[in-house]
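Breakdown of the fold
Listed below, chain by chain, are the residues.
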Amino acid sequence: EDKVVQSPLSLVVHEGDTVTLNCSYEVTNFRSLLWYKQEKKAPTFLFMLTSSGIEKKSGRLSSILDKKELSSILNITATQTGDSAIYLCAVVLGDSGYALNFGKGTSLLVTP
Amino acid sequence: DGGITQSPKYLFRKEGQNVTLSCEQNLNHDAMYWYRQDPGQGLRLIYYSQIVNDFQKGDIAEGYSVSREKKESFPLTVTSAQKNPTAFYLCASSIPRGGRETQYFGPGTRLLVL
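A brief structural summary.

Thresholds applied
- Residues numbered from 1 in each chain as written.
- Chains lettered and ligands numbered in written order.
- Predicted model: local features only at pLDDT ≥ 70, side-chain atom pairs only at ≥ 80, totals over all residues.
- Heavy atoms only, no water.
- Disulfide = S-S within 2.5 Å.
- Helix = DSSP H or I, 4+ residues; strand = E, 2+ residues; numbered from the N terminus.
- Buried < 20%, exposed > 50% of the residue type's maximum accessible area, 1.4 Å probe, protein only.
- Salt bridge = Lys/Arg side-chain N within 4 Å of Asp/Glu carboxyl O.
- Contact = heavy atoms within 4.5 Å.
- Buried area = accessible area lost by both parts, 1.4 Å probe.
- Polar contact = N/O pair within 3.5 Å; in protein donor to acceptor, adjacent residues only side chain to side chain.

As used here, a disulfide is simply a covalent bond connecting the sulfur atoms of two cysteines. Scanning the model with the defined rule gives two disulfides over all chains in all. In this model C23(A) forms its disulfide with C89(A); the gap between the sulfur atoms is 1.9 Å. Judged by the torsion about the S-S bond (-65°), the C23(A)/C89(A) disulfide is left-handed. You can see C23(A) sitting in strand β3 (residues 19-25) and its partner C89(A) sitting in strand β9 (residues 85-93), a full 66 residues away along the chain. In this model C23(B) forms its disulfide with C91(B); the gap between the sulfur atoms is 1.9 Å. Across the S-S bond of C23(B) and C91(B) the torsion is about -70°, and the bridge reads as left-handed. Here C23(B) is found in strand β3 (residues 19-25), whereas its partner C91(B) is found in strand β9 (residues 87-94), with 68 residues between them in sequence. Comparing C23(B) with C91(B) shows no difference in burial state: the two are buried.

Laid out in structure tokens, this is it:
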């Protein structure tokens, strides 16, 4: 069964909109949660979250972890066409050599 | 110029053929990983290695093999036993930090079956 579930699977917005992407996980031995952005090639790292309630921020992107609800959100404000990509959420477990367990991703398309 | 390199960018496999995908890193990372990505899917773990001369199977290791003879290299062989090899293959590396490490990815290899 899926350990990491992302929603929505796809999203189309207009430039300037604010979007919220969701990631929920059902795992034991949680270590950390990571967000990546993928634009037709290798995923690039956005955030790592380990502590509940502490927001990580980088420009127009921000993310927060809720360990009680076993979830995380990724917010993008004032979206631009360059934000169009697949956003991947991954959870690190304390087994499998700390490999990443990925969700299926959210495909975001920002239209002009 | 540090980073992870993968080659080739595209690879074509004939029926019954074994092919090897290269992954090299000069980041001095101990841990290396191979993932497979299919359309509309997240990445799935094939193999991982936390130290030279040691590697472990991931969730979908059947039909694949690896070696880790050098710290900087972690090649993946797709054997003829892998019946559905067409996918995007990504290699990653990290410095082990007890689950709080960031994995960095190479540019990937797209494998296609002729």
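Here we take up the pattern of salt bridges. All names here are of chain B. Here the structure, examined in full by the defined rule, presents five salt bridges over all chains. Where D38 meets R36, a salt bridge forms, and the shortest distance between an N and an O atom there is 3.0 Å. There is no split in this pair, since D38 and R36 are both buried. Overlapping salt bridges, with partners in common, bring together R36, D38 and R44 in one network.

Attention now goes to the interface of chain A and chain B. At the junction of the two partners, chain A supplies 23 residues and chain B supplies 23 residues. Buried surface at the junction of chain A and chain B, summed over both partners, amounts to about 1800 Å²; 55% is from carbon and sulfur atoms. Remark: the boundary between chain A and chain B carries zero salt bridges. The interface formed by chain A and chain B holds three residue pairs in polar contact (both at pLDDT 80 or more) in total. Listed by contribution, the elements that provide at least two residues to the side of chain A that touches chain B are β4 (30-38), β5 (43-49), β9 and β10 (100-102) of chain A.

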